Amino acid sequence: MALAQRSDDIVGLAAAIGDAVVVSDPDGAITVWNPAAERIFGFSAAEALGRTLDLITPERHRRRHWDGYAKTMRTGVTRYGAETLRVPALHKDGRQLSIAFTVGMVRDASDQVTGIVAVIRDETERWAEEKRLRQRVADLEAAADRS
C-alpha cells in the first residue's frame, strides 16, 4: 500500500472513531485531532493542530506529563498501551475534564518513533457519578454507625 493511501486510511479511521484520537510528534505538537477530540475538548482541529499538548493538560500536571512524554519518546516504550491512564484534562472553556486513555507509539518504515497516538474517552460524568455514590455510601455508613 502506498504511503499516501495509508495516511488517508488512518485519517479516515480516526475520523470514524467515537473516542478522541490525538497524535503528537516527538516535540508534543498535535498532528492529528479527530472530530471526537473536537467534541470532547471544545477546540477545533484548526485551533489544535500544531499546538502542544499543553492545550489540554492542566498546568499542575504539565511537568509530570512532559517528563513521561520525553521518556516515552526516548525509549520507544509505554506501559499505557495496555493499561488505561486516568487523568484530568482541560476543556476549551476552562472546565476540568476527567479522561481515560491508552497510547501507542507511531513509527516510520524504519521503526523509528515519530510520535505518540492517544485514544481518549471523556469519563467526567462517570467519575462524578462514582464520587456521588462513594459519598452516599459514606453517609449511609456514618448513619448506621450512629444508630
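Everything numeric here is computed off the predicted structure, so don't read it as measured data. (Residues numbered from 1 in each chain as written. Predicted model: local features only at pLDDT ≥ 70, side-chain atom pairs only at ≥ 80, totals over all residues. Heavy atoms only, no water.)

### Re the packing of aromatic side chains
Alright, step 1. Enumeration according to the criterion identifies 2 aromatic pairs in this entry.
Alright, step 2. Ring geometry for Trp33 against Phe41: centres 5.5 Å apart, planes inclined by 40 degrees, an arrangement best described as tilted. (Phe/Tyr/Trp six-rings, centres within 6.5 Å; stacked < 30°, edge-to-face > 60°.)

### Considerations on the layout of surface pockets
Alright, step 1. One number sums up the size of the largest pocket: a volume of about 840 Å³.
Alright, step 2. Going through the elements one at a time, β1 (20-24), α4 (62-75), β3 (85-90), β4 (96-107) and β5 (113-122) are the ones with two or more residues in the lining of the largest pocket.
Alright, step 3. Among the elements that take part in the lining of the largest pocket, α4 stands out by supplying 6 residues, more than any other.
Alright, step 4. Per-class residue counts for the lining of the largest pocket are 17 nonpolar, 7 polar and 3 charged. (1 Å grid on protein atoms, 1.4 Å probe; cavity = no way out; pocket = protein on both sides within 12 Å on 5 of 7 lines; lining within 4 Å. Points joined across faces, edges and corners; volume = space filled by probe spheres on them. Helix = DSSP H or I, 4+ residues; strand = E, 2+ residues; numbered from the N terminus. Nonpolar A, V, L, I, M, F, W, Y, C, P; charged D, E, K, R; others polar.)

### Examining the nonpolar core
Alright, step 1. Among the nonpolar cores identified, the biggest contains 26 residues, and Trp33, Phe41 and Ile120 are the most heavily contacted of them.
Alright, step 2. When contributions to this core are tallied by element, the ones reaching two or more residues are β1, β2 (30-33), α2 (35-41), α3 (45-48), α4, β4 and β5.
Alright, step 3. Sorting elements by how many residues they give to this core places β4 first, with 5 residues.
Alright, step 4. Ile120 has contacts with Asp19, Ala20, Val22, Ile40, Phe41, Ile99, Ala100 and Phe101, leaving out every residue within four places of it along the chain. (Core = buried A, V, L, I, M, F, W, Y, C linked by side-chain atoms within 4.5 Å. Buried < 20%, exposed > 50% of the residue type's maximum accessible area, 1.4 Å probe, protein only. Contact = heavy atoms within 4.5 Å.)

### A few points about the side chain of Thr57
Alright, step 1. With respect to the helices and strands, Thr57 occurs in the loop between α3 and α4.
Alright, step 2. Side-chain polar atoms of Thr57 contact the backbone oxygen of Leu53, separated by 2.8 Å.
Alright, step 3. If near-sequence neighbours (up to four positions away) are discounted, Thr57 is found in contact with Arg62, His65 and Leu90. (Polar contact = N/O pair within 3.5 Å; in protein donor to acceptor, adjacent residues only side chain to side chain.)

### With respect to the side chain of Asp19
Alright, step 1. Among the secondary structure elements, Asp19 is positioned in the loop between α1 (3-16) and β1.
Alright, step 2. Apart from residues lying up to four places away in sequence, Asp19 is in contact with Asn34, Ala36, Val119, Ile120 and Arg121.

### Brief notes about the pattern of salt bridges
Alright, step 1. Scanning all chains against the criterion turns up 7 salt bridges.
Alright, step 2. Among the ionic pairs, Arg62 bridges to Asp54, the shortest N-O distance being 3.8 Å.
Alright, step 3. For Asp54, a relative accessible area of 25% gives the class partly exposed.
Alright, step 4. When the shortest N-O distance is used, the salt bridge between Arg86 and Glu123 registers 3.3 Å. In this pair, Arg86 sits in strand β3 while Glu123 sits in the loop between β5 and α5 (124-146), placing the two residues 37 residues apart along the sequence.
Alright, step 5. We classify Glu123 as buried; its relative accessible area is 13%.
Alright, step 6. One network of salt bridges, with partners in common, ties together Asp54, Glu59 and Arg62. (Salt bridge = Lys/Arg side-chain N within 4 Å of Asp/Glu carboxyl O.)

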